[in-house]
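As a plain string of letters, each chain reads:
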Amino acid sequence: MTSEVTTMEFINEFEEENSLLLTGTKNGSVRIWQDYVKNTARILTAWNAFDRMVPSKTRSSGLKHCWNAKRRQLWLAGDVHVIRLVDIQQEQNVLDLPTHEEACVSCLTRSKDGSMLLAGFGHGIVKMFDPRLPRTSCCVMQRSCSEENLWVNDVSFNANEDAVFSIDYYITESPMSQVLGIGTGGKKREVQLWSISDRGLAVRGRFRYMESFNREQISNPICMHLHPYY
């Protein structure tokens, strides 16, 4: 039975002869393809990442992944309550980090050196994990980005290894300071400004765009930009 592809990435993309295609599906299946640009495309290896996927009642993320090319390791998450590390060369599971969240993992990434993980969830929570720590204390940062259950679309680390993420619609970063602008959906229709410091993320300001001048409700934003000198 076929299943919807929810994550995809090229592996060894700069090596034409050794380039591979990794795909993950909604039912938790992982496939790595060889010769994918030819009619002779074949599956190099495949396995089920998790014994059982647990889709959310409101929205499902399927399978999400993060590839570490240097270490040949693959992080897997999604409609489960753990983030799993797989050693591709040894073909074995190495580590499971508990998320301690009922919502699914909607996006996943790692820092440049691979020492930290950043995960966004389907109810507006962002968590940072240090896999080197014990399972009970591996979550080193947690932020709730909204009072509503909003979907975290994307998470990433910028050049300074600061956490950057977007919620539901759009995010922009000021080039002059560590300030993030986040446009959210939901009933509140609110724009939030977040500042980044050594102590983590904090709301710097917020304003609502619920009504226009004629008091008619307007839709959610699809773009936003901070003034360069903000």
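Nothing here was measured: the structure is a model prediction, and the numbers come from that model.

J.: Looking at this structure, how should I read the environment of valine 37?
T.: Structurally, the position occupied by valine 37 is in the loop between β3 (29-34) and β4 (42-48). Sequence spacing of valine 37 and leucine 20 is 17 residues, and the spatial spacing of their C-alpha atoms is 9.9 Å.

J.: Explain the sheet that holds β3 here, please?
T.: Either a parallel or an antiparallel arrangement is found when strands of a sheet pair, and the pairing is made through backbone hydrogen bonds. Ordered by their spatial adjacency, four strands build an open sheet running β1-β2-β3-β4, and the pairing between neighbours is antiparallel. Strands at the two margins of the open sheet, each flanked by one partner only, are β1 (5-11) and β4. Averaged over all pairs of adjacent strands, the angle between strand axes in this sheet comes to 15°, irrespective of strand direction. As paired strands, strand β2 (residues 20-25) and β3 are joined by five bridges and run antiparallel to one another.

J.: Honestly, the pattern of salt bridges in this entry has me stumped. Any pointers?
T.: Note on pairing: side chains with opposite charge can pair once their charged atoms come close. Applying the stated criterion across every chain, the model contains three salt bridges. Where aspartate 96 meets arginine 84, a salt bridge forms, and the shortest distance between an N and an O atom there is 2.8 Å. Within this pair, whereas aspartate 96 is found in strand β8 (residues 92-98), its partner arginine 84 is found in strand β7 (residues 82-87), the two being separated by twelve residues in sequence. Notably, a salt bridge pairs lysine 127 with glutamate 101, separated by 3.0 Å at the nearest N-O pair. You can see lysine 127 sitting in strand β11 (residues 125-129) and its partner glutamate 101 sitting in the loop between β8 and β9 (105-110), a full 26 residues away along the chain. We classify glutamate 101 as buried; its relative accessible area is 13%.

J.: What is the right way to read the environment of leucine 97 from this model?
T.: With respect to the helices and strands, the residue leucine 97 is situated in strand β8. Here the alpha-carbon distance between leucine 97 and aspartate 130, two residues 33 residues apart in the chain, equals 9.5 Å. Ignoring anything within four residues of it in the chain, the contact list for leucine 97 reads Trp75, His81, Val82, Ile83, Leu117, Phe129, Pro131, Arg135 and Cys138.

Cut-offs applied
- Throughout, a residue's number is its position along its own chain's written sequence, starting from 1.
- Only residues with pLDDT of 70 or above have their local features reported here, since the model is predicted, and side-chain atom pairs are shown and tallied only from 80 upward, although totals for entire chains, interfaces and linings are computed over all residues.
- The side-chain figures draw on all heavy atoms in the structure; neither hydrogens nor water molecules are used.
- Secondary structure follows DSSP: runs of H or I at least 4 residues long count as helices, runs of E at least 2 residues long count as strands, and numbering of each begins at the N terminus.
- Here the rule is simple: two strands pair whenever DSSP picks up at least two bridges between them.
- Here an axis means a line fitted to C-alpha atoms, over the contact stretch when the element is a helix, while the angle between two N-to-C directions is reported on a 0 to 180 degree scale.
- A pair is scored as a salt bridge if a Lys or Arg side-chain nitrogen falls within 4 Å of a carboxyl oxygen belonging to Asp or Glu.
- In this scheme, a residue with accessible area under 20% of its type's maximum is buried, one over 50% is exposed, and one in between is partly exposed, where area comes from a 1.4 Å probe on protein chains only.
- Note on contacts: a residue pair qualifies if any of its non-hydrogen atoms lie within 4.5 Å across the two residues.

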